Amino acid sequence: MTQLDTAETGQDGADRRDTAAGTWRAGIRRAIRIASRPDPWKRGPVLTALALLLGLVMLLHVQITDRGGLGSLVETFLPWLGLFIPVLLAGALWRRAASAVAALLLPVTVWLSLFGGLLGDKSHPGSDLTVASHNVGADNPDPAGTARDLAASGADVLALQELTQQARGTYEKGLAEAYPYHTVQGTVGLWSRLPLSDTQPVDIKMDYGPLADTKPVEIKMAYTRALRTTVATDHGPLTVYVAHLGSVRLLPRNGFWTASRDRGAQALGEAIAADQSERVVLLGDLNGTVDDRAFADITSQLHSVQDAAGDGFGFSWPTKFPVARIDQILVRGVQPESSWVLPATGSDHLPVAAGISW
């Protein structure tokens, strides 16, 4: 009796396995039939075209014409093009368009190759020096509070941009205790816990034209928006540039106007190229992202600390809803250890900071 029961149980198990295998094979055959039908591959031609176009725009963004600033505009918001991927995917699934789903592999692959490395935390604990940069804002309603916040940031070297004559004294007073050394050139300045030397303004062509060379020095100083200085560290001299490049404008007739900024970027790139210093740090509001072609002369020489040691995109502007990192810390000859965005102040920019080592 026991032997009979065992045989019957074995037979039932075999039947269940055969049934499961048959169901699995039937499912595969059904999927193959569905995929081989022409309908899913013919649906959604517009979605397919848009998916391919999106991928090509991201892949070939450097080839987009810069007429009317179009290329720079696309590159400024290049990471945000990835938001179109889930939108197109939802449309493709709703339409059951297999071709559109397949076409989305192109923009997904390109976006990940461009920005996938920014999604993880690449920071390392510890550093030899902490540097920070902040466009304090000409319309900042609380410069004294901003100075207190920055003094408490722990930065060893602090660069400020958009300093007005009215607020300059407030920042000098508020930062004096934490930073015994400082220099201000025009509307940019550098505060440091370490001694400074060989400070000089850098001409980034803000006062541009045939009459620029005829103006007195005191008048030209008002247009100064970049400086170069040397910070004396325990590991040797560190050359620091502070810059605030020209603003950009989205104009109805001229499109994305970047002429002043691009001219300044070229001049700054030439100054850095002529600098023989082994270790260089650039701190400032460049009014553009490192993806923008306008900064090719700079990014070919210096590297972004956010790309190398940041966590995420590090967007810094505008404060209420940051959509772009236009406040940069770029380096040469030192090792980025960490990069982060500091809490908001009264400015429309967020301060950015980084830890570097030798």
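To be clear, the structure that these remarks concern was listed above.
The text that follows walks through the structure, step by step, so that each part is easy to find. Just so we're clear, the structure is a prediction, and the values are computed from it rather than from any experiment. (Residues numbered from 1 in each chain as written. Predicted model: local features only at pLDDT ≥ 70, side-chain atom pairs only at ≥ 80, totals over all residues. Heavy atoms only, no water.)

## Focus: the side chain of Thr-233
- Residue position: Thr-233 is located in strand β6 (residues 226-233).
- Among residues more than four places away in sequence, those in contact with Thr-233 are Leu-194, Leu-238 and Trp-358. (Helix = DSSP H or I, 4+ residues; strand = E, 2+ residues; numbered from the N terminus. Contact = heavy atoms within 4.5 Å.)

## Things to note about the packing of aromatic side chains
- Counted by the stated rule, this structure contains six aromatic pairs.
- Centroid distance Phe-313 to Phe-315: 5.2 Å. Interplanar angle 15 degrees. Geometry classified as stacked.
- Through successive ring pairs, a cluster of aromatic residues spans Trp-80, Trp-111, Phe-115, Phe-313, Phe-315 and Phe-321.
- Against the face of Tyr-179 rests Arg-193, its NZ or CZ located 4.9 Å from the ring centre. (Phe/Tyr/Trp six-rings, centres within 6.5 Å; stacked < 30°, edge-to-face > 60°. Lys NZ or Arg CZ within 6 Å of the ring centre and 35° of its normal.)

## So, the sheet that holds strand β5 (residues 196-201)
- Strand order in the open sheet formed by six strands is β5-β6-β7-β10-β12-β11, with mixed pairing between adjacent strands. Because the sheet does not close on itself, it has two edges, and the strands there are β5 and β11 (303-304).
- The pairing of strand β7 (residues 236-244) with strand β10 (residues 280-285) spans six bridges and is classified as parallel. Bridge pairing links Ala-243 to Gly-284 in β10.
- Seen against the sheet, helix α11 (residues 259-274) touches β7, β10 and β12 (327-332) and runs at an angle of roughly 170 degrees to β7. (Pairing = 2+ DSSP bridges. Axes fitted to C-alpha atoms, helices over the stretch in contact; angles between N-to-C directions.)

## A short note on the side chain of Asp-285
- Note that Asp-285 resides in strand β10.
- One buried charged side chain, Asp-285, makes no salt bridge at all; its nearest oppositely charged neighbour is Arg-225, positioned 6.1 Å away.
- Only 3.2 Å separates the side chain of Asp-285 from the side chain of His-244, close enough to count as a polar contact.
- There is a polar contact of 3.0 Å between the side chain of Asp-285 and the backbone nitrogen of Asn-287.
- For Asp-285, the contacting residues outside a window of four places in its chain are Asn-135, Gln-161, Ala-243, His-244, Leu-245, Ile-326, Asp-327 and His-349. (Buried < 20%, exposed > 50% of the residue type's maximum accessible area, 1.4 Å probe, protein only. Lys, Arg positive; Asp, Glu negative; His and termini not counted. Salt bridge = Lys/Arg side-chain N within 4 Å of Asp/Glu carboxyl O. Polar contact = N/O pair within 3.5 Å; in protein donor to acceptor, adjacent residues only side chain to side chain.)

## Notes on the packing of helix α3 (residues 45-59) against helix α7 (residues 105-115)
- With their axes 8 Å apart at the nearest point, α3 and α7 run at an angle of 25 degrees to one another. When the axes of α3 and α7 are compared, the pair comes out roughly parallel. Between α3 and α7 the crossing geometry is left-handed. Touching Ala-51, Leu-52, Leu-54, Gly-55, Leu-56, Met-58 and Leu-59 of α3 are Leu-106, Pro-107, Val-110, Trp-111 and Leu-114, all from α7.
- Class assignment of the residues belonging to the contact of α3 with α7 gives a composition of 11 nonpolar, one polar and no charged. (Parallel < 35°, antiparallel > 145°, perpendicular 65-115°, else oblique. Left-handed = near helix turned anticlockwise from the far one by under 90°. Nonpolar A, V, L, I, M, F, W, Y, C, P; charged D, E, K, R; others polar.)

## Observations concerning a nonpolar patch on the surface
- Together, Val-46, Leu-50 and Leu-53 give the surface a local cluster of nonpolar side chains, amounting to about 280 Å² of exposed area.
- Structurally, Val-46 can be placed in helix α3.
- For Val-46, a relative accessible area of 59% corresponds to the exposed category. (Patch = residues over 30% accessible without salt bridge, like charges linked within 9 Å, V, L, I, M, F, W, Y side chains within 5 Å. Areas by Shrake-Rupley, 256 points an atom, 1.4 Å probe, with all protein chains shown as cover.)

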